[in-house]
Amino acid sequence: MNLAASEHQDDQLLNAAITRANIKESFESYLEIVDAFYSDDVEVILGEDTEPVRGRDDVRAHLANFLVPIHVMAEVGGLSVSIRSTAIPVTDGAGTHSRWEATFRASSGATRAFGWSVQRRWRDSRVNYERHYDHQVDGPPISFDSFD
């Protein structure tokens, strides 16, 4: 198997793990995914005007700060979260690319969707660089009033 095919297969495994994880049950499962798929010295760029997050421990901390409130809203408030990904074909050998969508639906029916693309570079079957780009938001913010 050539390097590009191996990276594509690793990317598919990572994306499947992310989409299978259930935020209502546990945010820790996402942290376990970071441990399993990301290198110790990973660099993650979350947006155009953001500083890179460097190192697996800092990525875990950043992710936990983001996921804990979502987990509480899902477990206690009934927030429904669905996540899907679609591979984006790459011909230039610049790692792997995928398109993501996360949809949040409150118990009142209020819905907000977030879309973004991800580029990953791999080293020894682990992500050592990840960049999030092309962010989009659809729908009004979900507030406390959105929960029955």
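Quick caveat: nothing in here was measured; it's all calculated off a predicted structure.

**Quick look at a nonpolar patch on the surface**
- Nonpolar side chains collect at one region of the surface, where Val68, Val72 and Val76 lie side by side and expose about 250 Å² of accessible area between them.
- Structurally, Val68 is set in helix 3 (residues 56-75).

**Brief notes about helix 2 (residues 28-37)**
- Within helix 2, the full set of buried residues consists of Tyr30, Leu31, Ile33, Val34 and Phe37. The buried residues of helix 2 occupy one face: seen down the axis, they fall within an arc of 150°.

**Structural notes on the sheet that holds strand 3 (residues 80-88)**
- On the basis of which strands lie adjacent, the open sheet formed by 6 strands has the order 2-1-6-5-4-3 and mixed pairing. Each edge of the open sheet carries a strand with a single partner, namely strand 2 (53-54) and strand 3.
- Along the sheet face, helix 2 touches strand 1 (38-45), strand 3, strand 5 (111-123) and strand 6 (126-138) and points at about 115° away from the line of strand 1.
- This element, helix 3, spans strand 1, strand 2, strand 3, strand 4 (96-105) and strand 6 of the sheet and lies at about 60° to strand 1.

**Quick notes on the pairing of strand 1**
- Here strand 1 pairs with strand 6 via 4 bridges, running parallel. Paired with Glu43 across the bridge in strand 6 is Tyr129.
- Where strand 1 meets strand 2, 2 bridges bridge the pair, whose relative direction is antiparallel. Pairing of Val44 across the sheet is with Val53, part of strand 2.

**Re the nonpolar core**
- Counting 30 residues, the largest nonpolar core has Leu14, Ile23, Tyr30, Ile33 and Tyr38 as the members making the most contacts within it.
- Elements with a contribution of two residues or more to this core: helix 1 (3-20), helix 2, strand 1, helix 3, strand 4 and strand 5.
- Residues in contact with Tyr38, not counting those within four places in the same chain, are Leu14, Ile33, Arg56, Arg120, Arg126, Val127 and Glu130.

**Details of the environment of Arg60**
- On the secondary structure map, Arg60 appears in helix 3.
- Note on Arg60: relative accessible area 25%, which makes it partly exposed.
- Non-local contacts of Arg60, meaning those with residues more than four positions away in its chain, are made with Leu31, Glu32, Val34 and Asp35.
- There is a polar contact of 3.0 Å between the side chain of Arg60 and the side chain of Asp35.

**Things to note about the side chain of Arg56**
- You can see Arg56 is positioned in helix 3.
- With a relative accessible area of 17%, Arg56 lands in the buried category.
- In this view, Arg56 contacts Val34, Asp35, Tyr38, Ser39, Asp40, Val42 and Arg126; residues no more than four positions away in its chain are not counted.

Basis of the calculations
Residues numbered from 1 in each chain as written. Predicted model: local features only at pLDDT ≥ 70, side-chain atom pairs only at ≥ 80, totals over all residues. Heavy atoms only, no water. Patch = residues over 30% accessible without salt bridge, like charges linked within 9 Å, V, L, I, M, F, W, Y side chains within 5 Å. Areas by Shrake-Rupley, 256 points an atom, 1.4 Å probe, with all protein chains shown as cover. Salt bridge = Lys/Arg side-chain N within 4 Å of Asp/Glu carboxyl O. Helix = DSSP H or I, 4+ residues; strand = E, 2+ residues; numbered from the N terminus. Buried < 20%, exposed > 50% of the residue type's maximum accessible area, 1.4 Å probe, protein only. Arc of directions from axis to C-beta. Pairing = 2+ DSSP bridges. Contact = heavy atoms within 4.5 Å. Axes fitted to C-alpha atoms, helices over the stretch in contact; angles between N-to-C directions. Core = buried A, V, L, I, M, F, W, Y, C linked by side-chain atoms within 4.5 Å. Polar contact = N/O pair within 3.5 Å; in protein donor to acceptor, adjacent residues only side chain to side chain.

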